[in-house]
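Inside the fold
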Amino acid sequence: MTIAVTAHETIEHLDRAALSRDEIAARIARDIPAGSFVNLGIGQPTTVADHLDAGSGVVLHTENGMLGMGPAAHGDDVDPDLTNAGKVPVTELPGASYFHHADSFAMMRGGHLDVCVLGAFQVSEHGDLANWHTGAEDAIPAVGGAMDLAIGAKDVFVMMSLFAKDGGSKIVPTCTYPLTGLACVSRVYTEHAILLVGATGVTVVETFGISVDELQARMDVGLRRLEG
Amino acid sequence: MTIAVTAHETIEHLDRAALSRDEIAARIARDIPAGSFVNLGIGQPTTVADHLDAGSGVVLHTENGMLGMGPAAHGDDVDPDLTNAGKVPVTELPGASYFHHADSFAMMRGGHLDVCVLGAFQVSEHGDLANWHTGAEDAIPAVGGAMDLAIGAKDVFVMMSLFAKDGGSKIVPTCTYPLTGLACVSRVYTEHAILLVGATGVTVVETFGISVDELQARMDVGLRRLEG
Amino acid sequence: MTLVVDTALEAVAGIEDGATVLIGGFGMAGMPVALIDALIEQGAGDLEIVSNNAGNGDTGLAALLAAGRVRKMVCSFPRQSDSYVFDELYRSGRIELEVVPQGNLAERMRAAGAGIGAFFCPTGVGTPLAEGKEQRTIDGRDYVLELPIKGDVALIGAHAADPAGNLVYRKTARNFGPVMATAATTTIVQVSSLVELGGLDPESVVTPGIYVDRVVRVGQEDS
Amino acid sequence: MTLVVDTALEAVAGIEDGATVLIGGFGMAGMPVALIDALIEQGAGDLEIVSNNAGNGDTGLAALLAAGRVRKMVCSFPRQSDSYVFDELYRSGRIELEVVPQGNLAERMRAAGAGIGAFFCPTGVGTPLAEGKEQRTIDGRDYVLELPIKGDVALIGAHAADPAGNLVYRKTARNFGPVMATAATTTIVQVSSLVELGGLDPESVVTPGIYVDRVVRVGQEDS
């Protein structure tokens, strides 16, 4: 983890509801330092872009070979030769550059991206990530760039719901789904809480509409508080 | 070795003098197939370019990052940003391309060049090359691209004088100078003879002003004749 | 030496049964559809295909799969919303699948093209995709040993070529083309545009002609 | 994030004693002379310099050597007709030398920039430069294991930059610049020309700005 947390102690927002997906995206956008080089994973993480301030100088990377990616393309702006990693047509900003796949993943693997935002099935308290395979026997395995992204960026943020459909926490002592990467996630942004994960376990930065104690009662991992 | 010898039997040109350096260069140029991608080493090998037919479609590579290198630049054509590997100003031909050093040596190491022509201190009968260091204790070692060139091209031709100043053959049973590469040379072009080297030892293709028997008397390696 | 040919069928001539074929493209961007269609017509089978995805809808790579010509797919992301042709073959056990992380796919082909025998890569350490592979800790970080992926043939799409085979691409359609061009014995390219020698800026050439064996122009400009 | 600064001295601020400094250029083509002069003025010493050559004449890298600031040279070709400054230091035992084949120099820096932990390379097998290194036969060919070369700082020359730090080069002055830019923690670039954002063709950018920390314009256009 290279981006420091600015809060000095854990904040429990008990007078409000859980964050909406849009609010989670906005929180992530706020925590990305100005001038960062950022890769946003397919799906929900893509929406973080909508909350980035144009003046922040944040530069978006897409692993299919581009820096300086702009918003989604519409109408006449759609160019089949210009898509993001989710194969959605996008646009090009001034100062953009194109490169081939080996160079693009060298950029990622070499640790040159500041932040990557990914979805997840599970995150372990030590930052292991499982987001490519549910382990279901009949599933067709498909990893894409997930493993490269997981180990590449200086900070990997996960954006997910904190609890699975069965009510269990998706932050777990040990991932039971097949791993994407070991000890790679630094932060997890969820509707109920923003949490740090890593060598010292799980630390709660903020909660939304729920207390740390209430969260702790629903989770199998120990929750620490930030201490000033 | 990928370029086949067209002669069916060894030819001894006894009615003429040894080849001049310029004639050696011309012979090498004649043996480079049309359309080949070729790297010419620093020094004498560079002169092979003067004998390449413009219509042959031979494309010259220089390891400092260019395909489609033209002749040496003179007068107003000199551009300090455009040199060959010997740092001599050169020119650019239509269809040229530039690339960085890692890409240039990837091209070489990956076996994409057809022919490389190098000088040598010694070549072993099995094609080992020694051309970067005399082993003298006070010499400052400097290898440049020699080792990369030696193992890179599909065919490595050596251009050298057959005998050293002390009269000893520079084609030897085993190199005594520090090696540049193992089993990498396929042909040796000298003033007295054109020879194949490799797994089966030394085979004489042609001699100039000397017979195979006379050559054999002056060399420590067995000489074979081409057999039709 | 690059040969400019008139038809996609001429371009794919000689591809043999059992060949390993690298196919460019990321989704449809950079996908050499005309060459794949020609390969179907040409008839080679028992192929090992290396491509990022495993076909979309019923055309291109999906059509090659549907024609029963592919023994094995090596790709990073076979499963897509419209990859039903592959899905059916896979679930019925009629095709092999090797899943490779996308960056490893690119880097392993780069290694093949660059004469690198193997490399220690941090991607996938501790995951099922690293199982059975040699691991090593270097300077405190864990790596997995990855081997080159070499093709007999590469089929790629580019934007423009000159007669020397120099290529430029358009935007993110560049993707796997440049690295596949270096990794195959025979590289076959479909382009939208042919320019004269000297018509490409030497500073902007992405794939030098040394990597290109055959070029065919396809698309609207042909009609 | 790229900072465009006004002087070469600002550009090299903060380089520390003992740093490993990658210096671009092949002969004088691409040599960042203004940055080297600034480094001499800045005063850092005990440096390990990685560069293809070991200085020419009395200026640039040769002047840095003459000023006694360099503990070790890592290069492919120290010996040149006008490398007398290095020659004297070497013969009198006042500088360490590691000779690396030119392609390995480039590939080892590429590995550092690309997050590759080590790679098996065929160059130098059986030669004195492979002594003591791990060897392995892969698919019938012999290789030597080579490790990355990472820099604390890279000093490189380019032709033009935009404010995002995107770079283009000129002709064979490109040489080591792009790979060194990826291999250093801090990459510092001298350019002949600064253009506005959007002034470089995104298809033709050779070094994306993500690799560039500081840019300074030098040369005639400054006067």
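Cut-off values and rules
- Residues numbered from 1 in each chain as written.
- Chains lettered and ligands numbered in written order.
- Predicted model: local features only at pLDDT ≥ 70, side-chain atom pairs only at ≥ 80, totals over all residues.
- Heavy atoms only, no water.
- UniProt positions renumbered as here; feature names shortened; annotations may be inferred.
- Pairing = 2+ DSSP bridges.
- Helix = DSSP H or I, 4+ residues; strand = E, 2+ residues; numbered from the N terminus.
- Axes fitted to C-alpha atoms, helices over the stretch in contact; angles between N-to-C directions.
- Parallel < 35°, antiparallel > 145°, perpendicular 65-115°, else oblique.
- Left-handed = near helix turned anticlockwise from the far one by under 90°.
- Contact = heavy atoms within 4.5 Å.
- Nonpolar A, V, L, I, M, F, W, Y, C, P; charged D, E, K, R; others polar.
- Phe/Tyr/Trp six-rings, centres within 6.5 Å; stacked < 30°, edge-to-face > 60°.
- Buried area = accessible area lost by both parts, 1.4 Å probe.
- Salt bridge = Lys/Arg side-chain N within 4 Å of Asp/Glu carboxyl O.
- Polar contact = N/O pair within 3.5 Å; in protein donor to acceptor, adjacent residues only side chain to side chain.
- Buried < 20%, exposed > 50% of the residue type's maximum accessible area, 1.4 Å probe, protein only.
- 1 Å grid on protein atoms, 1.4 Å probe; cavity = no way out; pocket = protein on both sides within 12 Å on 5 of 7 lines; lining within 4 Å.
- Points joined across faces, edges and corners; volume = space filled by probe spheres on them.
- pLDDT = per-residue confidence, 0-100.

As recorded by an unreviewed UniProt entry, chain C carries the name 3-oxoacid CoA-transferase subunit A and is attributed to Aeromicrobium endophyticum. Annotation of chain C in UniProt includes, under Sequence similarities (unreviewed entry), the sentence "Belongs to the 3-oxoacid CoA-transferase subunit A family."

Naming follows an unreviewed UniProt entry, where chain A appears as 3-oxoacid CoA-transferase subunit B of Aeromicrobium endophyticum. Taken directly from UniProt, the Sequence similarities (unreviewed entry) text for chain A runs: "Belongs to the 3-oxoacid CoA-transferase subunit B family."

Let us now look at the sheet that holds strand S10 (residues 171–172) of chain B. All names here are of chain B. The three strands lie next to each other as S8-S7-S10, forming an open sheet whose pairing is mixed. Edge strands, defined here as strands with exactly one partner in the open sheet, are strand S8 (129–130) and S10. Examined bridge by bridge, strand S7 (residues 122–124) and S10 share two bridges and lie parallel to one another. The partner of valine 123 across the bridge, within S10, is isoleucine 171.

Right, let's get into the packing of helix H2 (residues 101–109) of chain A against helix H5 (residues 102–114) of chain C. Running from N to C, H2(A) and H5(C) point in directions that differ by 120 degrees, and their axes come no closer than 9 Å. When the interaxial angle is binned, H2(A) and H5(C) end up oblique. Crossing hand, H2(A) versus H5(C): left-handed. Residue-level inspection shows A:His101, A:Ala102, A:Phe105 and A:Arg109 of H2(A) in contact with H5(C), the latter providing C:Gln102, C:Gly103, C:Ala106, C:Glu107 and C:Arg110. Along the lines of polarity and charge, the residues of the contact of H2(A) with H5(C) split into three nonpolar, three polar and three charged.

Residues and elements named next belong to chain A. According to the stated counting rule, one finds seven aromatic pairs over all chains in the structure shown. Ring centres of phenylalanine 121 and tyrosine 177 lie 5.8 Å apart, and the angle between their planes is 85 degrees; this geometry places the pair in the edge-to-face category. Residue phenylalanine 121 is located in the loop between strand S6 (115–118) and strand S7 (122–124), and its partner tyrosine 177 is located in the loop between strand S10 (171–172) and strand S11 (185–189); the two are separated by 56 residues in the primary sequence.

Glancing now at the interface of chain C and chain A. Contacts between chain C and chain A engage 43 residues on the former and 36 residues on the latter. Summed over both sides, the interface of chain C with chain A buries roughly 3200 Å², with 61% coming from carbon and sulfur. Among the residues of chain C in contact with chain A, C:Phe26, C:Lys171 and C:Thr172 are the three that bury the most area, contributing 20% of the side total. Linking chain C to chain A there are four salt bridges. Here C:Arg170 makes a salt bridge to A:Asp79, at a shortest N to O gap of 2.5 Å.

This part takes up the interface of chain B and chain D. Tallying the contact residues gives 36 residues for chain B and 43 residues for chain D. In total, chain B and chain D occlude about 3200 Å² of area from one another, counting both sides; carbon and sulfur atoms represent 61% of this. In terms of surface lost to chain D, no three residues of chain B exceed B:Asp81, B:Lys87 and B:Ile140, which account for 22% of the buried area on that side. On inspection of chain B and its partner chain D, the count reaches four salt bridges. Note that D:Lys171 is salt-bridged to B:Glu92, the shortest N-O span being 2.8 Å. At the junction of chain B with chain D, the criterion picks out 19 residue pairs in polar contact (both at pLDDT 80 or more). Contributions of two or more residues to the side of chain B that touches chain D are made by strand S5 (90–98), helix H2 (101–109) and helix H3 (146–152) of chain B. Ranked by residues supplied to the side of chain B that touches chain D, first place goes to H2(B) with four residues.

Glancing now at helix H4 (residues 84–91) of chain D. Because an α-helix packs 3.6 residues into every turn, residues spaced three or four apart end up facing the same way. Of the positions making up H4(D), those classed as buried are D:Val85, D:Phe86, D:Asp87 and D:Leu89. Against the buried residues of H4(D) lie helix H3 (61–66), strand S4 (70–75) and strand S5 (96–99) of chain D.

Time to look at the sheet that holds strand S8 (residues 129–130) of chain A. All names here are of chain A. Strand order in the open sheet formed by three strands is S8-S7-S10, and the pairing between neighbours is mixed. Edge positions in the sheet fall to S8 and S10, since each has one partner strand and no second. Across two bridges, S7 lies against S8 in antiparallel orientation. Residue pairing in the sheet places glutamine 122 in a bridge with alanine 130 of S8.

Per the stated rule, a full pass over the model turns up five cavities of 30 Å³ or more. Taken as a whole, the largest cavity holds about 800 Å³ of empty space. Surrounding the largest cavity, 41 residues form its lining, A:His100, A:Asp103, B:His100, B:Asp103 and C:Val206 being those nearest its centre. Residue assignment for the lining of the largest cavity shows that the elements contributing at least two residues are H2 of chain A, H2 of chain B, H5 and helix H6 (177–183) of chain C together with helix H5 (102–114) and helix H6 (177–183) of chain D. In terms of residue count, H2(B) provides more of the lining of the largest cavity than any other element does, four residues in total. Its residues assigned to classes, the lining of the largest cavity shows 23 nonpolar, 10 polar and eight charged. Looking at the second largest cavity, its volume works out to about 60 Å³.

This brings us to the environment of D:Thr182. All names here are of chain D. Mapped onto the elements of the fold, threonine 182 is located in helix H6. Residue classification places threonine 182 among the buried positions, given a relative accessible area of 13%. In this structure the C-alpha to C-alpha distance between threonine 182 and alanine 112, which are 70 residues apart in sequence, comes to 7.6 Å. Among the polar contacts listed, one links the side chain of threonine 182 to the backbone oxygen of valine 179, at a separation of 2.8 Å.

Next up on the list: the pairing of strand S8 (residues 141–146) of chain D. All names here are of chain D. Of the strand pairs in this sheet, strand S6 (residues 118–121) and S8 are connected by three bridges, and their pairing is antiparallel. Across the sheet, cysteine 121 pairs through a bridge with valine 144, a residue of S8. In this sheet, S8 lies alongside strand S7 (residues 135–138) in antiparallel orientation, the contact comprising four bridges. Residue pairing for S8: threonine 137 is matched across the bridge by aspartate 142. Connecting S7 to the antiparallel partner S8 that follows it, the hairpin turn spans two residues, and aspartate 139 within it adopts a positive phi of roughly 55 degrees.

This part is about the confidence of the model for chain C. On average, residues of chain C score 96 in pLDDT, and 98% of them are at 70 or above. Among the scores for the predicted complex, ipTM is 0.97 and pTM is 0.97.

Looking now at the pattern of salt bridges. All chains considered together, the criterion is met by 44 salt bridges over all chains. Here A:Arg225 ties to A:Glu12 by a salt bridge, and the two come within 3.4 Å at their closest N and O atoms. Of this pair, A:Arg225 sits in strand S14 (residues 223–225) while A:Glu12 sits in strand S1 (residues 11–13), placing them 213 residues apart in sequence. Judged by relative accessible area, which is 29%, A:Glu12 ranks as partly exposed. One salt bridge connects B:Arg16 with B:Glu23, and the closest N-O pair in it is separated by 2.9 Å. With relative accessibility at 29%, the residue B:Arg16 sits in the partly exposed group.

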